[in-house]
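Observations on the three-dimensional arrangement
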Amino acid sequence: MKADATFQAPPPGARPDWTIDQGWEAYSDAEHQVWITLYERQTALLPGRACDAFLRGLDALDLHRTGIPDFARVNEELSRLTGWSVVAVPGLVPDDVFFDHLANRRFPAGQFIRKPQELDYLQEPDIFHDVFGHVPMLTDPVFADYMQAYGKGGQRALGFGHLHNLARLYWYTVEFGLMETAAGLRIYGAGIVSSYSESRFALDDPSPNRLGFDLERVMRTPYRIDDFQQVYFVVPALQTLLDVTVETDFAPLYARLETASDIPIAAIEPADRVFTRGTQAYANAGGRT
Ligand code: HBI
Ligand code: FE
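Note that the coordinates shown come from a computational prediction; the quantities given were computed from them, not determined experimentally.

Let us look at the site of ligand 1. Around ligand 1, the surrounding shell consists of Gly-91, Leu-92, Val-93, Asp-95, Phe-98, Phe-99, Tyr-150, Ala-167 and Tyr-170. For ligand 1, a nitrogen atom lies 3.0 Å from a polar atom in the backbone of Gly-91. Interatomic distance of 2.7 Å between a backbone N/O atom of Val-93 and a nitrogen atom of ligand 1. Considered on its own, ligand 1 offers 390 Å² of accessible surface; in the complex 87% of this is hidden by protein. The pocket occupied by ligand 1, as judged from atoms lying within 2 Å of grid points, is the largest pocket. Among the elements that make up the shell around ligand 1, the one with the highest residue count is helix α4 (residues 95-103) (three residues). Tallied by class, the residues present in the shell around ligand 1 amount to seven nonpolar, one polar and one charged.

Written out as structure tokens, the structure reads:
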């Protein structure tokens, strides 16, 4: 059972809810410069690729200025728009702590920024991924409600011992989601919009499958954390995420998932709506290595 995860104490200096002070004054010029480099690379790429909600949020929060944003300033506007706030954490936090923050409309963001020599790939979410990638979407009222609903759902999933299934929903929507618009596919997932290479791969590369979003289907699909995704799921609108999360009774769904097998990562099922039948050439050639 994954339900009774052992209690993890916060690291020294962190509060019981794992938050820390951002310590904005202490960032070095070199750290601010990393933010500016990443910010300018992404914003040159994202018009016509990121969805309107993301681009509007980025604009509304003015995350640029002279480098790493000060959470106190971001929160003034963010809390006014949707009642969300950003809180600083040292890095990954335990699942129950993460969900408690989301359920209370607080987004835990890594306080540190990646090193200049690891601009493109890192293991733990840093402030650029968390703030540039996630926070603009939290200015959208529908997405804001979806994230809170996910936090509450995560708390229940822990109780059911089915977090591994619900985590796939987070992965294939909040982190790597695509949206269908009249102008074509657009990105809303934070893992994509914060990545220079995946912002292009996710939309343009012939390798990955791009399939219509279906909750149960997504929850049966494993994902990879070490390389570009082999499958992306496409929602018709952000409202779909909120509706499906609020309207689904997850208890019988988890009961069905007990016996349902996982779907191989690159498989296309008869019921899938296919936007792209990927070649899988990238993954078959060994991916990043
Ligand atoms: N902690 N800081 C941080 N960021 C996350 O995205 C995160 C986490 N802890 C747990 C966690 N995510 C997972 O529970 C979910 O994404 C499923
Ligand atoms: Fe993330």
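Pairing in this open sheet of five strands is mixed, and the strands run β4-β3-β6-β5-β7 from one edge to the other. This sheet does not close on itself; its edge strands, each paired only once, are β4 (184-187) and β7 (274-276). Across this sheet, the average inter-strand angle for adjacent strands is 35 degrees, counted without regard to direction. Two elements, strand β3 (residues 178-181) and strand β6 (residues 231-235), share two bridges in a ladder whose sense is parallel. If you follow Met-179 over to β6, its bridge partner there is Val-235.

The next thing to look at is the layout of surface pockets. Within this model, the largest pocket holds a volume of roughly 1200 Å³. Contributing to the lining of the largest pocket are 44 residues, with Gln-123, Pro-125, His-129, Trp-171 and Glu-175 lying nearest its centre. Listing elements by their share of the lining of the largest pocket, those giving two or more residues are α1 (29-45), α4, β2 (106-110), α5 (127-134), α7 (163-175) and α9 (196-204). Top element by residues in the lining of the largest pocket is α7. It accounts for five residues. The residue makeup of the lining of the largest pocket, split by class, is 22 nonpolar, 10 polar and 12 charged.

Attention shifts here to the coordination of the iron ion (ligand 2). Metal coordination angles have textbook ideals: 109.5 degrees for a tetrahedral set of four donors and 90 or 180 degrees for an octahedral set of six. Only His-129 (NE2), His-134 (NE2), Glu-175 (OE) and Glu-175 (OE) from the protein coordinate the iron ion (ligand 2), and they sit 2.0 to 2.8 Å from it. Coordination at the iron ion (ligand 2) comes from four donor atoms whose angles at the metal span 52 to 134 degrees, giving a geometry best classed as irregular.

Counted by the stated rule, this structure contains one cavity of 30 Å³ or more. Here the largest cavity is characterised by a volume of approximately 40 Å³. Looking at the largest cavity, the residues that line it are Gly-153, Arg-156, Ala-157, Phe-160, Leu-166, Phe-250 and Tyr-254. At the level of secondary structure, the elements contributing two or more residues to the lining of the largest cavity comprise α6 (141-160) and α12 (250-259). No other element matches the four residues that α6 contributes to the lining of the largest cavity. The class makeup of the residues in the lining of the largest cavity is five nonpolar, one polar and one charged.

Turning next to helix α2 (residues 52-61). Within α2, burial applies to Ala-53, Phe-54, Gly-57, Leu-58 and Leu-61. The buried residues of α2 occupy one face: seen down the axis, they fall within an arc of 135 degrees. Of the exposed residues in α2, the ones pointing more than 90 degrees away from its buried face are Asp-52, Arg-56 and Asp-59. Lining the buried residues of α2 we find α1, α3 (71-82), α5, α8 (190-193) and α11 (238-247). One or two positions beyond α2, positive phi appears at Asp-62, with a value near 45 degrees.

Most of α5 is tucked away, with eight of its eight residues classed as buried. Listing the buried residues of α5 in full gives Ile-127, Phe-128, His-129, Asp-130, Val-131, Phe-132, Gly-133 and His-134.

This brings us to the environment of Arg-217. Considering the arrangement of structural elements, one finds Arg-217 in helix α10 (residues 215-219). In this view, Arg-217 contacts Leu-211, Phe-233, Ile-263, Ala-267, Ile-268, Glu-269 and Asp-272; residues no more than four positions away in its chain are not counted.

Thresholds applied
- Residues numbered from 1 in each chain as written.
- Chains lettered and ligands numbered in written order.
- Predicted model: local features only at pLDDT ≥ 70, side-chain atom pairs only at ≥ 80, totals over all residues.
- Heavy atoms only, no water.
- Near = heavy atom within 4 Å.
- Polar contact = N/O pair within 3.5 Å; in protein donor to acceptor, adjacent residues only side chain to side chain.
- Areas by Shrake-Rupley, 256 points an atom, 1.4 Å probe, with all protein chains shown as cover.
- 1 Å grid on protein atoms, 1.4 Å probe; cavity = no way out; pocket = protein on both sides within 12 Å on 5 of 7 lines; lining within 4 Å.
- Sits in = over half its atoms within 2 Å of the grid points.
- Helix = DSSP H or I, 4+ residues; strand = E, 2+ residues; numbered from the N terminus.
- Nonpolar A, V, L, I, M, F, W, Y, C, P; charged D, E, K, R; others polar.
- Pairing = 2+ DSSP bridges.
- Axes fitted to C-alpha atoms, helices over the stretch in contact; angles between N-to-C directions.
- Points joined across faces, edges and corners; volume = space filled by probe spheres on them.
- Donors = N, O, S within 2.8 Å, 3.2 Å for Na, K, Ca; no water.
- Tetrahedral: all angles 85-135°; square planar, octahedral: opposite > 155°, others 65-115°.
- Buried < 20%, exposed > 50% of the residue type's maximum accessible area, 1.4 Å probe, protein only.
- Arc of directions from axis to C-beta.
- Contact = heavy atoms within 4.5 Å.

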